[in-house]
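# Per-entry structural report
In case you want the letters, here they are:
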Amino acid sequence: LVVDDRPYAGWLHADLGMVGYRGDVMRVLELSLGLVGPAAGGEQIQKWIHEIIDSPEPMGWHNQLNNEPALMLVFEQKWRNLFKRGRGLEFGASPHGSVALGNVFTYGGVGGTIRLGKGLDRDFGPPRIQPAPPGSGWFVPRGGFNWYLFAGVDGRLMLQNIFLDGNTFKDSHSVTRKPLVGDVQAGLAAAALGVRIGVVYVLRSLEFEEQNHPDNYGSITVSIAW
């Protein structure tokens, strides 16, 4: 057990969401249902990945969080302002706000994203790993090749994070959560033939008192219009 580091944990979940937009305003209501703990399979997946990339076997999974149902309701709203530039380029600035309630994450957040490219009116940005600034899992396909670069910031007031606070109903390892957390992210998205690919890099501020270095991670998403 590493007492000054976040608990080992796996999270297996399915999300059901409704997206509504009118003009340049998007609202998202999302319900996430799943579980945290050994039944989520985090230990098996990490060990499998470490075998593939020939990394040392991860130790400490016997200290992971206990099994617990994972429930979260998220509401997000985003405003989109687009400004066309020469040679077909478009520029967009998008402020946003979000609220989450549940035993996985409970927080309120605000931030903004800027985008530069072609076909910005096809979506509101690529999806991200929660908790994160809102993107859109959907997009409107259009003929030709559309793309954009983006960068953004997001700040959240964190009231609950099971991966820092530990289990809700049982005793478990935990660390001292910081209430304010910020993200800086950048990436690109490209869409053609009804398929959109998004690549995102995120730098996150310290999330708990015992943490010595900020986290950074990336994600790749593939969305198919149907």
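In what follows, the accompanying structure is described.

Now for the environment of Gly-112. As for its placement among the helices and strands, Gly-112 is situated in strand E6 (residues 105-118). Placed 39 residues apart in sequence, Gly-112 and Ala-151 show a C-alpha to C-alpha distance of 8.7 Å.

Formed by 13 residues in total, the largest nonpolar core has its most connected members in Val-36, Met-72, Val-104, Phe-105, Tyr-107, Ile-162 and Phe-163. Of all the secondary structure elements, the ones that give two or more residues to this core are strand E3 (68-79), E6 and helix H2 (162-165). Here this core gets 3 residues from one element, more than from any other, and that element is E3.

Applying the stated criterion to the full structure yields 6 aromatic pairs. Through a chain of ring-to-ring contacts, the aromatic side chains of Trp-11, Phe-105 and Phe-163 assemble into a single cluster. If you follow Arg-80 out to its NZ or CZ, it ends over the ring of Phe-124, 4.0 Å from the centre. Taking the ring centre of Tyr-148 as reference, the NZ or CZ of Arg-115 above it sits at 4.7 Å.

All right, on to the pairing of strand E1 (residues 11-22) then. Consecutive side chains of a regular strand alternate in pointing toward one face of the sheet and then the other. One ladder, built from 12 bridges, connects E1 with strand E2 (residues 25-36); its direction is antiparallel. Looking at the pairing, Tyr-21 lines up with Met-26 of E2. Counting the residues that bridge the hairpin from E1 to E2 gives 2 residues, and of these Gly-23 lies at a positive phi of roughly 65°.

This part takes up unusual backbone geometry. Most peptide bonds take the trans configuration, and most residues that are not glycine carry a negative phi. Although it is not a glycine, Asp-54 adopts a positive phi angle of roughly 60°. Structurally, Asp-54 is set in the loop between helix H1 (42-52) and E3. One non-glycine residue, Leu-193, adopts positive backbone phi at about 55°. Within the fold, Leu-193 resides in the loop between strand E8 (180-192) and strand E9 (195-204). Of the residues examined, Leu-193 reaches a relative accessible area of 85% and is grouped as exposed.

Glancing now at the pairing of E3. Sheet topology note: the E2/E3 ladder contains 12 bridges and is antiparallel. Directly across from Leu-33, in E3, lies its bridge partner Leu-71. Where E3 and strand E5 (residues 90-102) come together, 7 bridges link them in antiparallel fashion. Residue pairing across strands places Glu-76 opposite Ser-98, the latter belonging to E5.

The next point concerns a nonpolar patch on the surface. A grouping of Leu-149, Leu-188, Val-195, Ile-197, Val-199, Ile-220, Val-222 and Ile-224 is seen on the molecular surface, where their side chains present a nonpolar patch of about 710 Å² in accessible area. Within the secondary structure, Leu-149 sits in strand E7 (residues 146-161). Taking the relative accessible area as the measure of exposure, Leu-149 reaches 45% and is therefore partly exposed.

Our focus in this paragraph is empty space enclosed by the protein. Evaluated as defined, the whole model comprises 3 cavities of 30 Å³ or more. One number sums up the size of the largest cavity: a volume of about 60 Å³. The wall of the largest cavity is formed by Lys-118, Gly-119, Arg-122, Asp-123, Phe-139, Asn-146, Trp-147, Tyr-148, Ala-189, Ala-190, Ala-191 and Arg-196. Every element with two or more residues in the lining of the largest cavity is listed here: E7 and E8.

About the cut-offs
- Residues numbered from 1 in each chain as written.
- Predicted model: local features only at pLDDT ≥ 70, side-chain atom pairs only at ≥ 80, totals over all residues.
- Heavy atoms only, no water.
- Helix = DSSP H or I, 4+ residues; strand = E, 2+ residues; numbered from the N terminus.
- Core = buried A, V, L, I, M, F, W, Y, C linked by side-chain atoms within 4.5 Å.
- Buried < 20%, exposed > 50% of the residue type's maximum accessible area, 1.4 Å probe, protein only.
- Phe/Tyr/Trp six-rings, centres within 6.5 Å; stacked < 30°, edge-to-face > 60°.
- Lys NZ or Arg CZ within 6 Å of the ring centre and 35° of its normal.
- Pairing = 2+ DSSP bridges.
- Patch = residues over 30% accessible without salt bridge, like charges linked within 9 Å, V, L, I, M, F, W, Y side chains within 5 Å.
- Areas by Shrake-Rupley, 256 points an atom, 1.4 Å probe, with all protein chains shown as cover.
- Salt bridge = Lys/Arg side-chain N within 4 Å of Asp/Glu carboxyl O.
- 1 Å grid on protein atoms, 1.4 Å probe; cavity = no way out; pocket = protein on both sides within 12 Å on 5 of 7 lines; lining within 4 Å.
- Points joined across faces, edges and corners; volume = space filled by probe spheres on them.

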